[in-house]
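Overview (structure and organization)
Each chain, letter by letter, is given below.
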Amino acid sequence: MPFPPAVARAIARTWLDDAELERLSALHFQDAGHGYDAFGMHPDFVAMATVLVKGLYERYFRVISSGHEHIPQHGPGILVANHSGNIPIDGMMMWYDVLTHTSPPRVPRAVADHFVPALPIVGTLFARGGMVGGSRGNARALLESGELLMIFPEGTPAILKPFKDRYKLHPFRQGHAELAIRHRCPVVPCGVVGAEEQLPQLTTSRLLGKPFGVPAVPIPVVPVPLPVRYHLLWGPPIPLHEEHSPEEADDPDIVKAAAARVQQAVHELVQRGLKQRKGIFR
Amino acid sequence: MTRPLNVMVTGADSPVGERLIRDLLDDSRVDRILAVPWRTGDHLPPDDRLTIVPVDLSSSRRVHDLLFGKARDLGIDVVAHTQLHRSAREEGPRIRRYNVDAVRALLTLSERHPTIRRIVLRSDAVVYQLQRDLPVLIGEHHPLNMSGAAPQWVTDRVEADVTACTRMGMTDLEIVVLRTAEILAPGCGSQLYDYLESTVCLRPAGYDPMINVLTILDCSAAMQKAIHHHSQGVFNIPGADTLPLTAAIRKWGRVGIPMIGALLSPAYRLRSLVTGHDFRYGMNRRRFLYSGVLDGTRAREVLGYVPCHPVEWPAG
């Protein structure tokens, strides 16, 4: 990072009140020796990111969250949600929601596509806030150490989907289901409503994405995300690990069916959210 | 009660070899030590249990004569091979013989040796591939850097490592390969140490990967544990310090200046030409972009190795 943790700490101390700072000081965190965990997360940068995301969460997107009692307060778990919006604000809102609704606070470790950690500045900044690259090894190591993963099984194609396809889920990849069965942890589905309308796109450009190492760059209709209202609906945990033995994580049919079940749960939460909301901005 | 071991240590004139010999001299489970420096062993402490035989291991004939001469006479049980050429600037067949052929000769000859039953080889974390879609935490099964474009400094280490791995379980000889994290100390061939020698450290703008560094004390401790253990295989040996590159620069009391990646290689080539420094940015480019931290779980669970000697950072 261009600045040391002390600067991040100073920013957090300036903008967060004492109660919030005290809460964050109890952060669930595995220090690898110099205040960072092995993946590069640092509590001071988490606190600084909290300052930045809090304003968006509370004032700009005015997030309404329900069912957060389903988020595991301890031990490994996999949070699975739909993905959209051209830029990953949905992940940031979920990140803050989990951080504020767990005690002691837990940082959900967002599992990003391979290109994200390789992005200059963004990759480092996200890593300091807990993001990891989407490799099996990273996921395994985090689950084994009792962390909470945040996975968007639709992947990058979903975040770049055109406005006309909003709230149509892309087929889920199956890694999350396999991980849950193999590493004995629950899957908590989450339906995200609002993100689909935040930044309608005209088109996407693969050409513009090439220099940045990203699959494509969205060209939005508006220059900044619209102040849509976000709804986060957490569903009850899906106990795949209780229904299947670890050996069944190698059975393609079981894993496929498990992933489909998770997709159905997320779909139902999204539909419920769409029915409940009174409008895009309300 | 088990019989004390007789141990042969190669690379006895390197800081790691010297430290290991000193630690073995303090180890009551070790009887005789055969120190094999490249040129001279004058720096080693005088001790009745220590025999010093300078040998150029790049000659297989000399390796043969050493193993079936002095090593057999002393009844050597375990060979600890710490020898690795330290300069990244020197390349060619002579260096390859030193890095790779010496390992091959040691393995081949030890397999039919009357007293040697175990060989512990020090490999290097540089054998692992680093790329954006691979895990940050590097386990022993992590892909190796088999790129044909890699410099000899890397390919030699990969070849020596793989040569040892392919012979595991083929004979009764127990083979242990320790893939050590980079030793941040002078005289150990550390690219990072050489990089941090400059007051100003240039780094790629926008990147701050996690690195892990080892101390000579921990490296020696890991080798000592491997010498006494009975299991074989590959073990990652991480150090006690895991931190981002910028934090390492700061803790070393240096100034880190971000720069466009494309300019770093020529800048460090120029530095090397002018000052004779060893650091090659091209060789370390991926390390300066992508995080890579050795996972020492296997070494902890099997060998009982836990890093406990952190680097003494000059700037605290």
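Here goes a summary of the coordinates provided. All chains use their own residue numbering, which begins from 1 and follows the written sequence. The naming scheme follows written order: chains are lettered A onward, ligands numbered 1 onward. Only residues with pLDDT of at least 70 are given local features in this predicted model, and only at 80 or more are side-chain atom pairs given and counted; all residues enter the totals for whole chains, interfaces and linings. Water and hydrogen atoms were dropped before computing side-chain values, which therefore reflect all heavy atoms in the structure.

**Here's the deal with the overall build of chain A**
For clarity, the cut-off: By the criteria applied, helices consist of DSSP H or I runs no shorter than four residues and strands consist of E runs no shorter than two, each listed in order from the N terminus. With the radius of gyration taken over C-alpha atoms, the globule rule is written as 2.2 Å times the number of residues to the power 0.38. A 1.4 Å probe rolled over the protein chains alone gives each residue an accessible area, and that area as a share of the maximum for its type sets the label: buried under 20%, exposed over 50%, partly exposed in between. Residue contacts follow a heavy-atom distance rule, with two residues in contact if any of their heavy atoms lie within 4.5 Å. In short, Shrake-Rupley with a 1.4 Å probe defines the accessible areas, and a residue's cover is counted only from the protein chains shown. The charge count treats Lys and Arg as positive and Asp and Glu as negative. His and the chain ends do not count. In plain terms, the charge of a residue is placed at NZ if it is Lys, CZ if Arg, CG if Asp and CD if Glu.
Looking only at helices and strands, chain A features eleven helices and nine strands. Its C-alpha atoms give chain A a radius of gyration of 18 Å, near enough to 19 Å, the size a compact globule of 282 residues would have. With the C-alpha coordinates aligned to their principal axes, the bounding extent of chain A is approximately 50 × 45 × 40 Å. The buried share of chain A, taken over its 282 residues, is 55%. In chain A, 77% of the contacts between residues at least 6 apart in sequence involve partners at least 24 apart. Total accessible area on chain A stands at roughly 12200 Å², and carbon and sulfur atoms take up 60% of it. The distance from the centre of the 28 positive side-chain charges to the centre of the 27 negative ones in chain A is 8 Å.

**Overview of the packing of helix α1 (residues 5-15) of chain A against helix α3 (residues 43-60) of chain A**
Residue and element names in this part refer to chain A. Counted only if it meets this: All axes here are fitted lines through C-alpha atoms, helices being fitted over the stretch that makes contact, and every angle between N-to-C directions spans 0 to 180 degrees. The labels follow the angle: roughly parallel below 35 degrees, roughly antiparallel above 145, roughly perpendicular from 65 to 115, and oblique for the rest. For any helix crossing, the convention is left-handed if the near helix is rotated counterclockwise from the far helix by under a right angle, and right-handed if that rotation is clockwise.
Two numbers describe how α1 lies on α3: the axes approach to 8 Å, and their chain directions differ by 40°. Between α1 and α3, the angle falls in the class oblique. Between α1 and α3 lies a crossing of left-handed hand. The residues of α3 that touch α1, namely those facing P5, A8, R9, I11, A12 and W15, are D44, F45, A47, M48 and V51.

**Quick word on the pairing of strand β2 (residues 77-81) of chain A**
All names here are of chain A. Test applied: Two strands qualify as a pair provided DSSP detects at least 2 bridges between them.
Most of β2 sits inside the fold, with five of its five residues counted as buried. Here β2 shows a buried face lined by G77, L79 and A81 and a second buried face lined by I78 and V80. Note: β2 against strand β6 (residues 187-193), four bridges, orientation parallel. Each residue of the ladder has a partner; that of V80, found in β6, is P189.

**Digging into the environment of R287(B)**
Residue and element names in this part refer to chain B. Rule in force here: Whenever a nitrogen or oxygen atom comes within 3.5 Å of another N or O atom, the pair is scored as a polar contact, on the condition that within protein one atom can donate a hydrogen and the other can accept it, and that pairs from neighbouring residues in sequence are kept only if both atoms are in side chains.
Its location among the elements puts R287 in the loop between α9 (281-284) and β14 (293-294). Take R287: its relative accessible area is 22%, and that puts it in the partly exposed class. Those residues within four positions of R287 in sequence are excluded, and the remaining contacts are L130, E182, Q191, L192 and P209. Polar side-chain contacts of R287 include one of 2.5 Å to the side chain of E182.

**Details of the nonpolar core**
All names here are of chain B. The condition is simple: In this text, buried Ala, Val, Leu, Ile, Met, Phe, Trp, Tyr and Cys residues form a nonpolar core when linked through side-chain atoms within 4.5 Å.
In this structure, V7, I21, L178 and I227 are the most contacted members of the largest nonpolar core, which totals 46 residues. Considering every element that reaches this core, the biggest residue donor is helix α6 (residues 216-228), with six residues. Residues in contact with I21, not counting those within four places in the same chain, are V9, A12, I33, A35, L44 and L50.

**Details of the pattern of salt bridges**
Residue and element names in this part refer to chain B. Defined as follows: Within this document, salt bridges are pairs made up of a side-chain nitrogen of Lys or Arg and a carboxyl oxygen of Asp or Glu, the two lying within 4 Å of each other.
Under the counting rule described, the total for this entry stands at 34 salt bridges over all chains. The residue R96 makes a salt bridge to D101 at a minimum N-O spacing of 3.4 Å. Residue class for D101 comes out partly exposed when judged on its relative accessible area of 26%. The shortest N-O distance in the salt bridge between D161 and R179 comes to 2.7 Å. Residue D161 is found in helix α4 (residues 152-166), and its partner R179 is found in strand β7 (residues 174-180); the two are separated by 18 residues along the sequence.

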